[in-house]
Amino acid sequence: MFTLWFLACSRIEKIEPDTAVGANVCGEILQPQAGYAALDLQPADPDQLTFGVDPIPYNVRLSWADEPSTTASILWRTAADTFASRVEYGVDTSYGATAIGGSFTFLTGDEAGRVHEVELCDLTPATTYHYRVGGGDYWSPDYSFTTAPVPGTDVPVVIAVAGDSRDNQAVWKAEVAAIIERAPDFVIFSGDAVDFGSNMAEWDAWLDAGAGLIESTAVVLAHGNHEFYAQNYFGLVAQPNDEKTFSLDYGPVHLAVLDDSTTDADRGSQASWLDSDLKGTSQPWKIVSHHMPAYSSCTTRGSELGVRELWSPVEESNGVQIDLTGHNHNYERSVPLNGGLEVPAGDGTVYVVSAGAGADLYGNDMATAV
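Residues numbered from 1 in each chain as written. Predicted model: local features only at pLDDT ≥ 70, side-chain atom pairs only at ≥ 80, totals over all residues. Heavy atoms only, no water.

Visitor: Quick question: what am I supposed to make of the overall build of the chain here?
Guide: Within the chain, the secondary structure is distributed over 5 helices and 23 strands. In the chain, which comprises 370 residues, the proportion classed as buried is 56%. With the model as given, the accessible surface of the chain reaches about 14,300 Å², and the carbon-plus-sulfur share is 52%. (Helix = DSSP H or I, 4+ residues; strand = E, 2+ residues; numbered from the N terminus. Buried < 20%, exposed > 50% of the residue type's maximum accessible area, 1.4 Å probe, protein only. Areas by Shrake-Rupley, 256 points an atom, 1.4 Å probe, with all protein chains shown as cover.)

Visitor: Whenever I open this one, the confidence of the model for the chain confuses me. Can you help?
Guide: Should pLDDT be low for a region, the predicted coordinates there are not to be read in detail. For the chain, the mean per-residue pLDDT works out to 88, and 85% of the residues sit at or above 70. Low pLDDT, under 50, characterises residues 29–39; the stretch is placed with 34 contacts to residues that sit more than four places away or in other chains. (pLDDT = per-residue confidence, 0-100. Contact = heavy atoms within 4.5 Å.)

Visitor: Help me out: how do you make sense of the side chain of Ser73 in this one?
Guide: Position of Ser73 among the secondary structure elements: in strand S5 (residues 72–78). Here the side chain of Ser73 touches Ala65 through a polar contact of 3.5 Å, landing on its backbone nitrogen. (Polar contact = N/O pair within 3.5 Å; in protein donor to acceptor, adjacent residues only side chain to side chain.)

Visitor: Explain the nonpolar core here, please?
Guide: In globular proteins that are soluble, nonpolar side chains generally tend to be buried together. With 38 residues, the main nonpolar core has Ile74, Val87, Tyr89, Leu120, Tyr131, Phe145 and Phe186 as its most contacted residues. Non-local contacts of Val87, meaning those with residues more than four positions away in its chain, are made with Ile74, Trp76, Ala97, Thr98, Ala99, Val118, Leu120, Tyr131, Arg132 and Val133. Listed in part, the 27 residues of the second largest apolar core include Ile179, Trp206, Val219 and Ala357. (Core = buried A, V, L, I, M, F, W, Y, C linked by side-chain atoms within 4.5 Å.)

Visitor: Explanation requested: the sheet that holds strand S9 (residues 113–120) in the structure shown.
Guide: Within a sheet, neighbouring strands are paired by backbone hydrogen bonds and run either parallel or antiparallel to one another. The strand order across the open sheet built from 4 strands is S4-S5-S9-S8, with neighbouring strands paired in antiparallel fashion. Sheet topology places strand S4 (58–63) and strand S8 (102–106) at the edges, where each strand pairs with a single neighbour. Averaged over all pairs of adjacent strands, the angle between strand axes in this sheet comes to 20 degrees, irrespective of strand direction. Here 5 bridges tie S8 to S9, and the two strands are oriented antiparallel to one another. Note that in S9 the partner of Thr105 across the bridge is Arg114. (Pairing = 2+ DSSP bridges. Axes fitted to C-alpha atoms, helices over the stretch in contact; angles between N-to-C directions.)

Visitor: When you look at the pattern of salt bridges in this model, what are you seeing that I'm missing?
Guide: A side chain of one charge can pair with a side chain of the opposite charge when the charged atoms of the two come close. Counted according to the given criterion, the structure contains 8 salt bridges. A salt bridge links Asp195 to Arg166; the shortest N-O distance between them is 2.6 Å. Taken together, the residues span a long stretch of sequence, with Asp195 in the loop between strand S14 (186–189) and helix H2 (200–209) and Arg166 in the loop between strand S13 (157–162) and helix H1 (169–182) at a distance of 29 residues. Exposure remark for Asp195: the relative accessible area of 12% places this residue in the buried category. A single network of salt bridges, built from pairs that share partners, joins Asp242, Lys244 and Asp259. (Salt bridge = Lys/Arg side-chain N within 4 Å of Asp/Glu carboxyl O.)

Visitor: It is not clear to me how the sheet that holds strand S19 (residues 322–325) should be interpreted in this structure. Could you clarify?
Guide: Overall, mixed pairing links the 6 strands, which are arranged S16-S17-S18-S19-S23-S20 in an open sheet. Edge positions in the sheet fall to strand S16 (246–250) and strand S20 (331–333), since each has one partner strand and no second. Within this sheet the neighbouring strands show an average axis-to-axis angle of 15 degrees, counted without direction. In terms of strand pairing, strand S18 (residues 285–289) meets S19 through 3 bridges, oriented parallel. Pairing of Ile287 across the sheet is with Ile322, part of S19. Packed onto the sheet, helix H4 (residues 264–279) meets S16, strand S17 (253–257) and S18 and runs at close to 170 degrees relative to S17.

Visitor: I'm lost on the environment of Thr349 in this one. Help?
Guide: Note on placement: Thr349 falls in the loop between strand S22 (341–342) and strand S23 (350–354). Sequence separation between Thr349 and Gln321 is 28 residues; the distance between their C-alpha atoms is 4.7 Å. The residues touching Thr349, leaving out its near neighbours within four places in the chain, are Glu315, Glu316, Val320, Gln321, Ile322, Asp323, Ser334, Val335, Pro336 and Leu337. In terms of polar contacts, Thr349 uses its side chain to reach the backbone carbonyl oxygen of Val320, at 2.7 Å.

Visitor: Looking at this structure, I do not really get the packing of H1 against H2. What am I missing?
Guide: For any two helices packed against each other, one specifies the inter-axial angle together with the distance between the axes. Taken N-terminus to C-terminus, the directions of H1 and H2 make an angle of 20 degrees; their axes are 8 Å apart at the nearest point. The angle between H1 and H2 places the two elements in the roughly parallel class. Remark: the crossing between H1 and H2 carries right-handed chirality. Contact residues: Gln169, Trp172, Lys173 and Val176 in H1; Glu202, Ala205, Trp206 and Ala209 in H2. (Parallel < 35°, antiparallel > 145°, perpendicular 65-115°, else oblique. Left-handed = near helix turned anticlockwise from the far one by under 90°.)

Visitor: What exactly am I supposed to notice about helix H5 (residues 305–317) here?
Guide: An α-helical turn contains 3.6 residues, so a residue and the one three or four places further along point in the same direction. With 13 residues, H5 ought to run about 18 Å at 1.5 Å a step, and its terminal C-alpha atoms sit 18 Å apart, in line with that. Within the span of H5, buried status applies to Val307, Arg308, Trp311, Ser312, Val314, Glu315 and Glu316. As for H5, its buried residues are in contact with H4, S18, S19, strand S21 (337–338) and S23. Within two residues after H5, Gly319 carries a phi angle of roughly 75 degrees, on the positive side. (Expected span 1.5 Å × (residues − 1).)

Visitor: How should I be thinking about the environment of Gly235 in this particular structure?
Guide: In this fold, Gly235 is placed in helix H3 (residues 231–236). Here Gly235 falls in the buried class, since its relative accessible area comes to 3%. Once the C-alpha coordinates of Gly235 and Thr105 are considered, the two residues, 130 residues apart in sequence, prove to be 9.7 Å apart.

As structure tokens, then:
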């Protein structure tokens, strides 16, 4: 079973303690997607230990670009002239292993900075690891995270769900505090983290508000329409595939994430991908997350009928229990639905909107629902 909290207000060579630093070679290290042209992409390099005038790491965060039970992606930022991209990690604060990643200059002018990404591989499932990032004499504080259990393991899973912080990060910060109290295994954020995807100041505020959570708990993001496919989004996240359409397993849960801020043709392609993805999993719990709700009684804007037409039949026929979205700034939960009709629990999909992380709240009225 699992629990959901809805908040409405490159590869790394395994390093033994007595060996030299290894190279980051187990999967994709850097994924600046959607044509983002990094100014000076730096591949894994054991000798790249250049430090600038302000080399201290910040906005350190845990993410998943691969299998959550055996890998972890660690990202952070520095000033643009610091190139060291190292993570020291281990089961205690003596660490014992070092992994090297890559970095790229992010934006220009006053917003310029460097994003670093390192992927840790060959980790042990359901194990707590300590880590710090940086290099030389310049390291972050110690942080820790716990790897996922082996996929299919029947264990309780706690998931926090939030969305649509937009330009009010004070509310997101308050929600982060509430999330930390409930100690979820991971967080699903259903899109629109910022108001304008290309506004770096808003991303700075979103990441700053996540401090205390994002260093140790992965936040899985769905792409929202306010992200605008901006290079900021793709430069700041590390997720599988194209970072917009992908799936992950966590214990008994299979999570598929879709991108609905696109054309109907692309939505149709994703429907085919989703059908194949869901048919290929034997996990007892199936969740789908994206941004725009297929079913909503919101009075400001209602159901996204194109999403309902293309994706709901795929989800319902493949036994998806919960569809998680945002976009409509309220909290809503449907009865189990199949083909638009109420069905007994277990025979349909429950559609949930959870979008109260800061954006102005909307009303809802079942009498006007479509």
